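Spelled out, the chains give:
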Amino acid sequence: MVVTGFIFASFVEYWIHRLMHFSHKIGERHRDHHRRNEGQGVLWEFRDYIKGSLIILCPMFFISWSAGIGWFLGGLIYAAFSAYAHQLQHDNPTKCFWMKMPVHYVHHQYNMWHHNFGLGVDWWDHVFGTYQSVEWLTEEVLNQPERGFIELRWK
């Protein structure tokens, strides 16, 4: 159930991010995020992801405690991973070794309002046809000082 919760959380994150690009009502804060082109920090991102997903994480407890705990843990783990991946792509995109191309980084760098909505994973962009590959390893990116996996904004 943990794996299912993780996968479902990635699906929800993809669709909420995509919806933010098409809805003026819920997208204003997100448009500001694009104007600034920076994350809030891992801890603040995590807080927002958890607040936004509590309504989706809790219903499985009505089925059983074990299903609820597994589902909740999967969503919690994905929220932590996604918050980290989101900030990493703003601060140090070359460290996103689990993706061929850091989709959220190119989403911002190339003003891709209709492509590359994944934050932590690019699966759903491939499934729903919103993945757009670009040459992102430019001289500017390659010439940035070498930084570690935890050298990013945390709050």
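Because the structure is predicted, anything quoted here is derived from the model rather than measured. (Residues numbered from 1 in each chain as written. Predicted model: local features only at pLDDT ≥ 70, side-chain atom pairs only at ≥ 80, totals over all residues. Heavy atoms only, no water.)

Some points on the environment of Gly 118
- Inspection of the secondary structure assignment puts Gly 118 in the loop between α5 (103-109) and α6 (123-127).
- Gly 118 sits in the buried class, given a relative accessible area of 2%.
- In sequence terms Gly 118 and Ser 10 are 108 residues apart; their C-alpha atoms lie 8.0 Å from each other.
- For Gly 118, the residues in contact, after removing those within four places along its chain, are Glu 13, Tyr 14, Val 103, His 104 and Asp 125. (Helix = DSSP H or I, 4+ residues; strand = E, 2+ residues; numbered from the N terminus. Buried < 20%, exposed > 50% of the residue type's maximum accessible area, 1.4 Å probe, protein only. Contact = heavy atoms within 4.5 Å.)

Some words on the packing of helix α3 (residues 42-57) against helix α4 (residues 65-91)
- Packing of α3 against α4 brings their axes to within 9 Å, and their N-to-C directions diverge by 150°. Put simply, α3 runs roughly antiparallel to α4. Seen from above, α3 lies across α4 with right-handed handedness. Residue-level inspection shows Val 42, Glu 45, Phe 46, Tyr 49, Ile 50, Leu 54, Ile 56 and Leu 57 of α3 in contact with α4, the latter providing Trp 71, Phe 72, Gly 75, Leu 76, Ala 79, Ala 80, Ser 82, Ala 83, Tyr 84, His 86 and Gln 87.
- Of the residues belonging to the contact of α3 with α4, the class tally is 14 nonpolar, 4 polar and 1 charged. (Axes fitted to C-alpha atoms, helices over the stretch in contact; angles between N-to-C directions. Parallel < 35°, antiparallel > 145°, perpendicular 65-115°, else oblique. Left-handed = near helix turned anticlockwise from the far one by under 90°. Nonpolar A, V, L, I, M, F, W, Y, C, P; charged D, E, K, R; others polar.)

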